[in-house]
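Now for the letters of each chain:
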Amino acid sequence: MKIEKIAIVTGGARGIGKAIVYELAKNENIKIVLNYNHSEENAIEIKKELGNKIEIFKADVSKREEVKKLVNYTLEKFGKIDILINNAGISQEKMFTDITDEDWNNMLQVNLTSVFYTIQEVLPNMIHNKLGCIINISSIWGITGASCEVHYSVAKAGIDGLTKSLAKELGPSNIRVNSVAPGIIMTDMNKNLSNEEIKSITDEIPLGCVGKSEDIAKCVLWLIEDNYTTGQVISPNGGWLI
Ligand code: NAP
């Protein structure tokens, strides 16, 4: 019998996070704590479908105290955390000159500082167990930079820097840290794109299509099952960036 693994997925009630939850739930040895913030109805619906494969927990991951509660809940329920998927994120399109202090701080707080919080809170348990897999969802924009999304790109590039640095620091504790940096994936985050915009993006992608949340979820599952990959930024993007 295989040992059960416990995973936290932040922002797991919608979009890419939801697909990750369903992909992990297919594995009989993984139990999941689905974190959500606003999407309570979705989270309850998913819990109904997946039953005792998952627990759901509301927390705004941009707040240290709420992250502590999420981690404490998981530890009280399951006694350990093996896998942390930092998926929660927000985006915003603005000219650099229009970005306010509030926009800037909020973008970094939700997308990057949340990752600092979640990892710091799970680490004592992972280090104690000498076992862990941390996957941070960054973005192709963190690698290439995106016009009119400078603060988003900075936050995602920051995640990749954190991934590489921590992978070095935590390797000796048998904790792997990787980033998954998606290209364009059709979720609510891209609901403002017009059909023409999607067509012109698709024309630039060698595989000829934008991605699905499930494509990212499969990459995440592969990283979980792998043993020897750490400190990497893996970008499922249809060949958009080669
Ligand atoms: P989405 O459909 O807009 O979903 C965003 C998710 O983040 C929701 O589940 C939301 O939870 C959660 N979230 C946001 N702020 C939160 C907070 N403060 N605390 C807890 N959860 C929070 O976007 P998505 O496309 O699935 O994006 C998921 C991740 O992939 C993000 O990190 C995004 O930057 C990254 N990404 C997406 C794309 C893309 O093309 N879609 C490309 C590259 C990278 P609630 O609804 O419960 O509030």
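Cut-offs and rules
- Residues numbered from 1 in each chain as written.
- Predicted model: local features only at pLDDT ≥ 70, side-chain atom pairs only at ≥ 80, totals over all residues.
- Heavy atoms only, no water.
- Axes fitted to C-alpha atoms, helices over the stretch in contact; angles between N-to-C directions.
- Helix = DSSP H or I, 4+ residues; strand = E, 2+ residues; numbered from the N terminus.
- Parallel < 35°, antiparallel > 145°, perpendicular 65-115°, else oblique.
- Left-handed = near helix turned anticlockwise from the far one by under 90°.
- Contact = heavy atoms within 4.5 Å.
- Nonpolar A, V, L, I, M, F, W, Y, C, P; charged D, E, K, R; others polar.
- Pairing = 2+ DSSP bridges.
- Near = heavy atom within 4 Å.
- Polar contact = N/O pair within 3.5 Å; in protein donor to acceptor, adjacent residues only side chain to side chain.
- Areas by Shrake-Rupley, 256 points an atom, 1.4 Å probe, with all protein chains shown as cover.
- Buried < 20%, exposed > 50% of the residue type's maximum accessible area, 1.4 Å probe, protein only.
- Salt bridge = Lys/Arg side-chain N within 4 Å of Asp/Glu carboxyl O.
- Phe/Tyr/Trp six-rings, centres within 6.5 Å; stacked < 30°, edge-to-face > 60°.
- Lys NZ or Arg CZ within 6 Å of the ring centre and 35° of its normal.
- Core = buried A, V, L, I, M, F, W, Y, C linked by side-chain atoms within 4.5 Å.

Topic: the packing of helix α4 (residues 101-129) against helix α6 (residues 150-170)
Turning to step 1, where the next piece is worked out: Closest axis-to-axis distance for the α4/α6 pair is 9 Å, and the angle between their directions is 20°. In terms of axis orientation, α4 runs roughly parallel to α6. Regarding α4 and α6, the two cross each other, and that crossing is right-handed. Residues Asp-103, Trp-104, Met-107, Leu-108, Asn-111, Leu-112, Val-115, Ile-119, Leu-123 and Ile-127 of α4 form the contact with α6, whose participating residues are His-151, Tyr-152, Val-154, Ala-155, Lys-156, Gly-158, Ile-159, Leu-162, Leu-166 and Leu-170.
Turning to step 2, where the next piece is worked out: Residue classes in the contact of α4 with α6 are distributed as 15 nonpolar, three polar and two charged.

A look at the sheet that holds strand β7 (residues 233-234)
Turning to step 1, where the next piece is worked out: An order of β3-β2-β1-β4-β5-β6-β7 is seen for the seven strands of this open sheet, with the pairing classed as parallel. The outermost strands of the open sheet, each flanked by one partner alone, are β3 (54-58) and β7.
Turning to step 2, where the next piece is worked out: Looking at chain direction, strand β1 (residues 5-9) and strand β2 (residues 30-36) are connected through five bridges and run parallel. By the bridge assignment, Ala-7 is partnered in β2 with Ile-32.

A short note on the site of the ligand
Turning to step 1, where the next piece is worked out: Among the 30 residues in the neighbourhood of the ligand, the closest are listed as Ser-39, Asp-60, Asn-87, Tyr-152 and Thr-187.
Turning to step 2, where the next piece is worked out: Within the contact set of the ligand, a nitrogen atom lies 3.0 Å away from a backbone nitrogen or oxygen of Val-61.
Turning to step 3, where the next piece is worked out: Here the ligand loses 94% of its free accessible area of 890 Å² to cover by the protein chains.
Turning to step 4, where the next piece is worked out: Where the shell around the ligand is concerned, the elements lending two or more residues are α1 (15-25), β2 and α6.
Turning to step 5, where the next piece is worked out: Across the shell around the ligand, the residue classes break down as 13 nonpolar, 13 polar and four charged.

Brief notes about the pairing of strand β6 (residues 175-180)
Turning to step 1, where the next piece is worked out: Among the six residues in β6, six count as buried, and that is most of the element.
Turning to step 2, where the next piece is worked out: On β6, burial covers both faces: Ile-175, Val-177 and Ser-179 on one face and Arg-176, Asn-178 and Val-180 on the other are all buried.
Turning to step 3, where the next piece is worked out: In this sheet, β7 lies alongside β6 in parallel orientation, the contact comprising two bridges. Each bridged residue has a counterpart across the sheet, and for Ser-179 the counterpart in β7 is Val-233.

Describing the pattern of salt bridges
Pairing is possible between side chains that carry opposite charge, provided their charged atoms lie close to one another.
Turning to step 1, where the next piece is worked out: Tallied over the entire structure, the rule returns 12 salt bridges.
Turning to step 2, where the next piece is worked out: Residue Glu-23 pairs with Lys-26 through a salt bridge whose shortest N-O separation is 3.2 Å.
Turning to step 3, where the next piece is worked out: One salt bridge connects Asp-203 with Lys-199, and the closest N-O pair in it is separated by 2.9 Å. Remark: Lys-199 and Asp-203 occur in helix α7 (residues 195-203); sequence separation between them is four residues, near one turn of the helix. The same class applies to Asp-203 as to Lys-199, namely exposed.
Turning to step 4, where the next piece is worked out: Several salt bridges share partner residues, and in doing so they unite Arg-64, Lys-68 and Glu-121 into one network.

Observations concerning the packing of aromatic side chains
For any two aromatic rings, the description comes down to two numbers: the centre-to-centre distance and the angle of the planes.
Turning to step 1, where the next piece is worked out: Per the stated rule, a full pass over the model turns up three aromatic pairs.
Turning to step 2, where the next piece is worked out: Centroid distance Trp-141 to Trp-240: 5.4 Å. Interplanar angle 65°. Geometry classified as edge-to-face. Highlighted residues: Trp-141 in helix α5 (residues 140-144) and Trp-240 in the segment after β7, separated in sequence by 99 residues.
Turning to step 3, where the next piece is worked out: For Arg-64, the ring lying beneath its charged end belongs to Phe-116, and the centroid distance is 5.3 Å.

Comments concerning the side chain of Ser-173
Turning to step 1, where the next piece is worked out: Here Ser-173 lies in the loop between α6 and β6.
Turning to step 2, where the next piece is worked out: When near neighbours in sequence (up to four residues on either side) are disregarded, Ser-173 contacts Ile-127, Lys-130 and Leu-131.

Thoughts on the nonpolar core
Turning to step 1, where the next piece is worked out: Ile-20, Leu-24, Ile-135, Val-220 and Ile-224 are the most contacted members of the largest nonpolar core, which has 31 residues in total.
Turning to step 2, where the next piece is worked out: Contributing elements (two or more residues each) for this core: β1, α1, β2, α2 (40-50), β4 (83-86), β5 (132-137) and α8 (213-225).
Turning to step 3, where the next piece is worked out: Looking at which element gives the most residues to this core, the answer is α8, with seven residues.
Turning to step 4, where the next piece is worked out: Once you skip the residues sitting within four places of it in the chain, Ile-135 turns out to touch Leu-84, Ile-85, Asn-86, Asn-178, Val-180, Val-220, Leu-223 and Ile-224.

No statement about biological role is implied by the geometric values presented.
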